[in-house]
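Observations on the model geometry
What follows is each chain in one-letter form.
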Amino acid sequence: MRKINLRFVIKLPTIVVVFFLFGFSNCYSQANEENQAKNFWKELQYGGSFGLNLGSGYTEIAVAPSAIYPINQYISIGSGLIGSYTRLKNQYTSSIYGVSVISLFNPIEKIQLSVELEQIKVNTEYQVKPNPVTKNYWNTGLYVGAGYRNGNVTLGARYNLLFDKDKSIYSDALMPFIRFYF
C-alpha cells in the first residue's frame, strides 16, 4: 500500500487556490472595473458532463457541471461540482458529491494539457445481511491529463497521482475523458 504525504495533500489545495486567485487578479488588473465584469461574464465558458446508466436492478446517475475562464489564448482556469448516485438493487448504494478546480493549458491549438484537483465525499452502503456495511470518507484526487482538442471538445485521458486502490471510487488511476466547454 502506497503512503500519501498528508502535508502535501493539505498544502496542495492551498497552492491551487492561490494560483487560481492570482490568475483572476492578474486579469482584473489590466482593465477598468466596468469592462472587467462585462468581459468576465462574456468570456466565461460552461460545460461539464452528465451520465445515465440503467440496467436490470442497476441505476447510475452522474452530473458534473463546470465553468472555466480563459486567462489568455493558452491558459484557462475554472471549477466545478461533482455529484453521482449509484444503486445495485439489494446489494449496493453509493452517493458522491464534491468540488474540483482545474487548469487547462493549450500549447498548440489541437493539444490540451490539464491539472485538476478533486475533493469528493464518498458515502457507500453494502447491503450485507444481517449487518450492512457503511463507509463514509473524503477522497482527494490530483489529476494530470492530456487530450486532443477540436473546437470546444477535448478527448483524452487523465491520471490520478494520489490514487489509492483501497479508497478510490475508481478502479484505476488512468481514466479517459471527454471534456466540453461552450
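Cut-off values and rules
Residues numbered from 1 in each chain as written. Predicted model: local features only at pLDDT ≥ 70, side-chain atom pairs only at ≥ 80, totals over all residues. Heavy atoms only, no water. Patch = residues over 30% accessible without salt bridge, like charges linked within 9 Å, V, L, I, M, F, W, Y side chains within 5 Å. Areas by Shrake-Rupley, 256 points an atom, 1.4 Å probe, with all protein chains shown as cover. Salt bridge = Lys/Arg side-chain N within 4 Å of Asp/Glu carboxyl O. Helix = DSSP H or I, 4+ residues; strand = E, 2+ residues; numbered from the N terminus. Buried < 20%, exposed > 50% of the residue type's maximum accessible area, 1.4 Å probe, protein only. Pairing = 2+ DSSP bridges. Axes fitted to C-alpha atoms, helices over the stretch in contact; angles between N-to-C directions. Core = buried A, V, L, I, M, F, W, Y, C linked by side-chain atoms within 4.5 Å. Contact = heavy atoms within 4.5 Å. Phe/Tyr/Trp six-rings, centres within 6.5 Å; stacked < 30°, edge-to-face > 60°. Polar contact = N/O pair within 3.5 Å; in protein donor to acceptor, adjacent residues only side chain to side chain.

1. Focus: a nonpolar patch on the surface
Where nonpolar side chains cluster on the molecular surface, the patch consists of Phe 50, Leu 52, Leu 54, Ile 61, Val 63 and Tyr 85 and spans about 600 Å² of accessible area. Of all the elements in the fold, those that place two or more residues in the nonpolar patch are strand 1 (45-55) and strand 2 (58-70). In terms of residues, the nonpolar patch owes the most to one element, strand 1, which gives three residues. When its relative accessible area of 34% is taken as the criterion, Ile 61 is described as partly exposed.

2. A few points about the pairing of strand 3 (residues 75-88)
Inspection of the sheet shows strand 2 paired to strand 3 by eleven bridges, in the antiparallel sense. Each bridged residue has a counterpart across the sheet, and for Pro 70 the counterpart in strand 3 is Ser 76. In textbook terms, the turn of a hairpin is the stretch between consecutive antiparallel strands, and for strand 2 and strand 3 this stretch comprises four residues. When strand 3 meets strand 4 (residues 92-108), the two strands line up antiparallel, connected through 14 bridges. Note that in strand 4 the partner of Ile 77 across the bridge is Ser 103. As consecutive antiparallel partners, strand 3 and strand 4 are separated by three residues, and within that stretch Asn 90 has a phi angle of approximately 65 degrees, a positive value.

3. Observations concerning the sheet that holds strand 4
Strand order in the open sheet made by the eight strands is 1-2-3-4-5-6-7-8, with antiparallel pairing throughout. Taken across any chain shown, the strands that pair with only one partner, and hence form the sheet edges, are strand 1 and strand 8 (174-180). Sheet twist, expressed as the average angle between the axes of neighbouring strands with direction ignored, equals 20 degrees. Relative to strand 2, strand 1 runs antiparallel, the two being bridged by eleven bridges. When the bridges of strand 2 are listed, Gly 55 appears paired with Tyr 58.

4. Some words on the nonpolar core
Here is a general trend for soluble globular proteins: nonpolar side chains tend to be buried in one another's company. With five residues, the main nonpolar core is built from Ile 82, Ile 96, Ile 120, Val 122 and Tyr 137. Ignoring any residue separated from it by four or fewer positions in sequence, one finds Ile 82 in contact with Val 63, Ala 64, Ile 96, Tyr 97, Gly 98, Val 99, Ser 100, Glu 118 and Ile 120.

5. Some words on the packing of aromatic side chains
A complete count under the given rule lists five aromatic pairs for this structure. A centroid spacing of 6.4 Å and a plane angle of 80 degrees characterise the contact between Tyr 97 and Trp 138, whose relative ring orientation is edge-to-face. Within this pair, whereas Tyr 97 is found in strand 4, its partner Trp 138 is found in strand 6 (residues 133-150), the two being separated by 41 residues in sequence. Residue Trp 138 is classed as partly exposed on the basis of its relative accessible area, which comes to 49%. Among the aromatic side chains, those forming a connected cluster through ring pairs are Phe 40, Trp 41 and Tyr 69.

6. Overview of the side chain of Glu 116
Along the chain, Glu 116 turns up in strand 5 (residues 111-126). Engagement of the side chain of Glu 116 in a polar contact is seen with the side chain of Arg 158, the distance being 2.8 Å. If sequence neighbours within four positions are ignored, Glu 116 has contacts with Ser 100, Val 101, Ile 102, Gly 141, Leu 142, Tyr 143, Arg 158 and Arg 179.

7. Focus on the side chain of Glu 118
By the secondary structure assignment, Glu 118 is in strand 5. The class for Glu 118 is buried, based on a relative accessible area of 3%. At 3.2 Å, the side chain of Glu 118 forms a polar contact with the side chain of Tyr 143. Residues contacting Glu 118, with those up to four places away along its chain left out, are Ile 82, Val 99, Ser 100, Asn 139, Thr 140, Gly 141, Tyr 143, Arg 158 and Tyr 170.

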